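Working through the structure, step by step
Here's the letter readout for the chains.
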Amino acid sequence: MGKLTVRALRAVLGVVLAGTVFVQALMVWALATDPEDGSLPLTPLRVITILGMVSAQVALVCVWRLVTMVRRGTVFSHAAFRYVDGVIGAIVAAALVWFAVTALNAPGQRDDPGVTLIMGGIGVAILGVALIVLLLRMLLAQAVARDVEATQMQAELDEVI
């Protein structure tokens, strides 16, 4: 992975992380200061927004660590699984948060249930992304196993020579 690619990805991750922290701060401030007028369930939506931002932040930090491991050439190790599992967990949490938003929005969509169905479909698509990352985790496990096997074979070859 080139230095420019790593720097660009880290810049994007940093901007998104700063943006989520900013939105969280605004949501916490709004929870503390704004009284609800009763038109929308703002408090639950604000809490859900904060939780959604936490899941995004967990994923961002895990991806940052994985990029660091790629840059150092240590990504094909058992330590990488912790971060990949963190990404998977964050995506599943984001899907659950999205389903909560869908459930809060559903009563207002009685005249047009299609919106709720579309939102539910988006939640299923988010879970699909988690499954794709799980598949990539399995590929990483195979690569780590092959790397360990190659290291052992090299050690045996070194003993013979």
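Higher on the page you've got the structure.
Description of the structure in this document.

Definitions and limits used
Residues numbered from 1 in each chain as written. Predicted model: local features only at pLDDT ≥ 70, side-chain atom pairs only at ≥ 80, totals over all residues. Heavy atoms only, no water. Helix = DSSP H or I, 4+ residues; strand = E, 2+ residues; numbered from the N terminus. Buried < 20%, exposed > 50% of the residue type's maximum accessible area, 1.4 Å probe, protein only. Contact = heavy atoms within 4.5 Å. Core = buried A, V, L, I, M, F, W, Y, C linked by side-chain atoms within 4.5 Å. Axes fitted to C-alpha atoms, helices over the stretch in contact; angles between N-to-C directions. Parallel < 35°, antiparallel > 145°, perpendicular 65-115°, else oblique. Left-handed = near helix turned anticlockwise from the far one by under 90°. Nonpolar A, V, L, I, M, F, W, Y, C, P; charged D, E, K, R; others polar. Patch = residues over 30% accessible without salt bridge, like charges linked within 9 Å, V, L, I, M, F, W, Y side chains within 5 Å. Areas by Shrake-Rupley, 256 points an atom, 1.4 Å probe, with all protein chains shown as cover. Salt bridge = Lys/Arg side-chain N within 4 Å of Asp/Glu carboxyl O.

A few words now on the overall build of the protein chain. Helix and strand counts for the protein chain stand at four helices and zero strands. Each helix and strand of the protein chain, placed in order from N terminus to C terminus, yields the pattern α-α-α-α. Its C-alpha atoms give the protein chain principal-axis dimensions of roughly 80 × 30 × 25 Å. Residues counted as buried form 25% of the 161 residues belonging to the protein chain. Across the protein chain, contacts joining residues at least 24 apart in sequence account for 70% of those joining residues at least 6 apart.

So, about the environment of R71. Tracing the chain through its elements places R71 in helix α2 (residues 42-72). Since its relative accessible area comes to 37%, R71 is described here as partly exposed. Residues R71 and W29, spaced 42 residues apart in sequence, show a C-alpha to C-alpha distance of 38 Å.

Turning our eyes to something else, we now look at the nonpolar core. Ranked by internal contacts, the top residues of the largest apolar core, which has 15 residues, are L66, M69, A80, V84, V133 and L140. Mapped by element, the contributors of at least two residues to this core are α2, α3 (79-105) and α4 (114-160). Top element by residues in this core is α3. It accounts for seven residues. Excluding its chain neighbours within four sequence positions, the residues that come into contact with L140 are V75, F76, A80, F81 and V84.

It is worth spelling out the packing of α2 against α3 at this point. The contact between α2 and α3 brings their axes to 8 Å, and the two run at 160 degrees. Taken together, the axes of α2 and α3 lie roughly antiparallel to each other. Both α2 and α3 take part in a crossing whose hand is left-handed. Within the contact of α2 with α3, the residues separate by chemical class into 22 nonpolar, three polar and one charged.

Time to look at the side chain of S55. Relative to the elements of secondary structure, S55 occurs in helix α2. Judged by its relative accessible area of 6%, S55 falls in the buried class. Here S55 is in contact with A90, A93 and A94, once residues within four sequence places are set aside.

Checked against the element boundaries, T102 lands in helix α3. Judged by relative accessible area, which is 7%, T102 ranks as buried.

Bringing a nonpolar patch on the surface into the picture now. A cluster of nonpolar side chains, namely L131, I132, L134, L135, L136, M138 and L139, defines an oily patch on the protein surface of about 660 Å² accessible area. Looking at the secondary structure, you find L139 in helix α4.

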